[in-house]
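Take a look at the letters that make up each chain.
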Amino acid sequence: MITEGFLYIATLFFIAAFLVCLPQIMKGKKAQTFFKFVPPIVLIYLGLMLLCTVKLWNLETTQGVYTAIKNPLLYAMLFIMLLRCDMKKIVKLGPKMLLGFFSATISIGIGFVVAYAVFRGGLGAEAWKSLGALCGSWMGGGGNMLAIQSALSVDEASMAYALVIDSICATLYVMFLLWAIGFSHKFNQWAKADTKIIDEVGASLEKEAAASTKPLMWYNIAILVGSGLLVSAISQKLGVLINNQLPFFDAATWTVLVVTAVSVLLAMTPFGKIKGTEEISNVFLYFVIALIASRADLSSVGNAPVWLLTGIVILVIHVVIMLVLAKMFKLDIFTCAVASLANIGGTATAPVLAGSYSSALVPVGIIMALLGYVVGTGGGLIVAQIMSLFG
C-alpha cells in the first residue's frame, strides 16, 4: 500500500499518462473500437476508482498532498484553458444554456422527491433532511449542502450516508457524462438539435489554431505552466480575502471568479495567443481527473446499499427527464451534459466536462456552475420540505 504523498501523486500521474497514450500504442481495429466507446478519460476514472477501492494507496496518509495540490492544479488548468476563449462568441450561446440549466435543476429536484417517496422506509427517520442537504449540493455545491445542513440541524452521523451517495454516485455520473459526450453527433441527430452556434465557435477557434504556423517551443510550455501555477496561487489568496469581505460566495467560488476574470482579460492580449494552451491544459485536465477519481472508494457502497440505490434512482430520473426535454426543445448534448454537471458537480467538474468538449467553452461550465450556488440552497430547502410531507 502506498502511504507516501509524493509516490501517490507520481503513481496517479503516470497511470493517467499511460492510459492517455494507450490509443496511440494499441493500433488494432478492435482496440480502436474499444477506445471509441471507452475513451482514455473514462479509463482514468474507472481505473483509479478501482485502484482506490483495492487500497493501492492509503486515503488518510495521502489526504494531505491531495488537498494541497488538487485545487491549485484545477485553477491552473482553468486559467490555461480560458486563455483560448473568445467571450464575444461564447455570449452567442444565449438563452438555450439557461433553459438547459434550469431543466437540470428541476429534474434533479423531482428525482429526489420521487426516490425518497419510494425508498423512505429503508432510509430511516428524518432521512429527508440529509437528502435535502445533498440536493442542495447537487443543485449547487458543497457550500449549499453545509448551509442546508445547518438550517435543518442535520448531525454529522445522519449526513454520512448522504456523503456516500455524493462521493460514489456523483463520481460515477461524471464518468458517464464524459463517456456520453463522445456520442455528441448521434445524440444531436436524435434530438434534432441545432448545434450551428456551438460548432461555429469550435470551428472558428480551430481555424485560428490551424492558421498559426508557429511551432510549440519549450519556453512556451515553461511560461504557460509557470503563469498557470502563479495565477492559481495568487487567486486562492484573493479568494480568501474577498470571501472575508463578501461572504455570500465561499472562498473557492471567489477563487474561480478571479481565475476566470484574469484569464479572460489576458485572452484579449498577445499572451492569449501563446502556442501550447491546448496541449498544456489537456495535460492538467487528465491529471485533475486522476486526482478526483483516486478518492472514490467503492468499498463504502456496502455500508449503505439502500442509500446508494436511492442516489442511482435520482440520477436515472434526472437523465430520463433531461432526455425528454432535449427532444422537446431540441437541446444538444453539450447543453444537457454541462447543465447537468454544473448542478451535480459544480465548479470542480463542470468546466472539466466543458473542456473535454471544447476548451473554448470552459466559461460556459463555470458560469452555469456558479449559477448553481445561487439557487442551490433555496432549491434544496424547497425539495427537503416537499420530502418531509411524506413523513
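Definitions and cut-offs
- Residues numbered from 1 in each chain as written.
- Predicted model: local features only at pLDDT ≥ 70, side-chain atom pairs only at ≥ 80, totals over all residues.
- Heavy atoms only, no water.
- Helix = DSSP H or I, 4+ residues; strand = E, 2+ residues; numbered from the N terminus.
- Rg over C-alpha atoms; globule rule 2.2 N^0.38 Å.
- Buried < 20%, exposed > 50% of the residue type's maximum accessible area, 1.4 Å probe, protein only.
- Contact = heavy atoms within 4.5 Å.
- Areas by Shrake-Rupley, 256 points an atom, 1.4 Å probe, with all protein chains shown as cover.
- Lys, Arg positive; Asp, Glu negative; His and termini not counted.
- Charge placed at Lys NZ, Arg CZ, Asp CG, Glu CD.
- Expected span 1.5 Å × (residues − 1).
- Salt bridge = Lys/Arg side-chain N within 4 Å of Asp/Glu carboxyl O.
- pLDDT = per-residue confidence, 0-100.
- Axes fitted to C-alpha atoms, helices over the stretch in contact; angles between N-to-C directions.
- Parallel < 35°, antiparallel > 145°, perpendicular 65-115°, else oblique.
- Left-handed = near helix turned anticlockwise from the far one by under 90°.
- Polar contact = N/O pair within 3.5 Å; in protein donor to acceptor, adjacent residues only side chain to side chain.
- Phe/Tyr/Trp six-rings, centres within 6.5 Å; stacked < 30°, edge-to-face > 60°.
- Lys NZ or Arg CZ within 6 Å of the ring centre and 35° of its normal.
- Core = buried A, V, L, I, M, F, W, Y, C linked by side-chain atoms within 4.5 Å.
- Patch = residues over 30% accessible without salt bridge, like charges linked within 9 Å, V, L, I, M, F, W, Y side chains within 5 Å.

Asks: Could you give me a rundown of the overall build of the protein chain, with the residues and numbers involved?
Replies: Counting its regular elements, the protein chain contains 18 helices and zero strands. Computed over the C-alpha atoms, the radius of gyration of the protein chain is 21 Å, within 12% of the 21 Å expected from 2.2 N^0.38 for a compact globule of 391 residues. Principal-axis analysis of the C-alpha atoms gives the protein chain an extent of 65 × 55 × 50 Å. Burial statistics for the protein chain: of 391 residues in total, 52% are counted as buried. In the protein chain, 84% of the contacts between residues at least 6 apart in sequence involve partners at least 24 apart. Surface summary for the protein chain: the accessible area is close to 17,500 Å², and the carbon and sulfur share equals 70%. If the 24 positive side-chain charges of the protein chain are averaged to one point and the 17 negative ones to another, these points end up 10 Å apart.

Asks: Talk me through helix α12 (residues 218–245); I want residue IDs and the actual numbers.
Replies: For α12, which comprises 28 residues, the first-to-last C-alpha distance of 41 Å matches the rise-based estimate of 40 Å (1.5 Å per residue) to within 8%. Within the span of α12, buried status applies to N220, L224, S227, G228, V231, S232, S235, G239 and N243. Where the residues of α12 are buried, they touch α4 (63–82), α13 (251–267) and α14 (277–293).

Asks: I'd like a description of unusual backbone geometry, backed by residues and values.
Replies: Even without a glycine there, the phi angle at K55 is positive, about 65 degrees. Looking at the element boundaries, K55 is found in the loop between α3 (40–53) and α4.

Asks: Just give me the short version of the pattern of salt bridges, but keep the residues and values in it.
Replies: The final tally for this structure, using the stated rule, is two salt bridges. Of the charged contacts, one joins D332 and K96 as a salt bridge, the two residues approaching to 3.1 Å between their closest N and O atoms. One end of the pair, D332, is in the loop between α15 (305–329) and α16 (333–344); the other, K96, is in helix α6 (residues 95–123), and 236 residues separate them in sequence. What makes D332 buried here is its relative accessible area of 1%. Among the salt bridges present, the one from K129 reaches E126, with a minimum N-O distance of 3.6 Å. On the accessibility criterion, K129 (17% relative accessible area) is buried.

Asks: Describe the confidence of the model for the protein chain, with residues and values.
Replies: For the protein chain, mean pLDDT is 85; residues scoring 70 or higher make up 91% of the total. Within the protein chain, the lowest mean pLDDT, 63, falls on helix α11 (residues 196–211), and the highest, 95, falls on α12.

Asks: Pulling in residues and values, what's your account of the packing of α12 against α13?
Replies: The contact between α12 and α13 brings their axes to 7 Å, and the two run at 130 degrees. Relative to α13, the element α12 is oriented oblique. Between α12 and α13 lies a crossing whose hand is right-handed. Two secondary-structure elements touch here, α12 through V231, S235, Q236, L238, G239, V240, I242 and N243 and α13 through A251, W254, T255, V258, V259 and V262.

Asks: Go over the side chain of H318, please, and point to the residues and values.
Replies: Structurally, the position occupied by H318 is in helix α15. A distance of 2.6 Å separates polar atoms of two side chains, one belonging to H318 and the other to S340. Sequence-distant contacts of H318, defined by excluding residues within four places in its chain, comprise A104, S107, I108, Y173, S340 and I344.

Asks: Give a description of the packing of aromatic side chains that names residues and reports values.
Replies: Aromatic ring pairs are described here by two measures, namely the spacing of the ring centres and the angle between the planes. Overall, the coordinates contain 13 aromatic pairs when judged by the stated rule. Relative to W57, the ring of Y8 lies with its centre 5.7 Å away and its plane at 65 degrees, an arrangement referred to as edge-to-face. Taken together, the residues Y8 in helix α1 (residues 5–25) and W57 in the loop between α3 and α4 connect sequence positions 49 residues apart. Y8 gets classed as buried once you look at its relative accessible area, which sits at 0%. Grouped by ring-pair contacts, the aromatic residues Y173, F176, W179 and F183 constitute a single cluster. If you follow R295 out to its NZ or CZ, it ends over the ring of Y66, 4.8 Å from the centre. The positively charged end of K327 is found above the aromatic ring belonging to W190, 5.1 Å away from the centroid.

Asks: Account for the nonpolar core, naming residues and giving values.
Replies: For soluble globular proteins, nonpolar side chains are generally found buried alongside one another. The biggest cluster of nonpolar side chains holds 120 residues, and the ones touching the most others in it are F112, L131 and W138. No other element matches helix α9 (residues 156–180), which puts 12 residues into this core. With residues near it in sequence (within four places) discarded, L131 still touches F112, Y116, L123, I165, W307 and M387.

Asks: For a nonpolar patch on the surface, give the residues involved together with the corresponding values.
Replies: A contiguous nonpolar surface patch, about 680 Å² in accessible area, is contributed by L99, L309, I312, V316, V320, V324, M328 and F329. In terms of residue count, the dominant contributor to the nonpolar patch is α15 (seven residues). Positionally, L99 belongs in helix α6.

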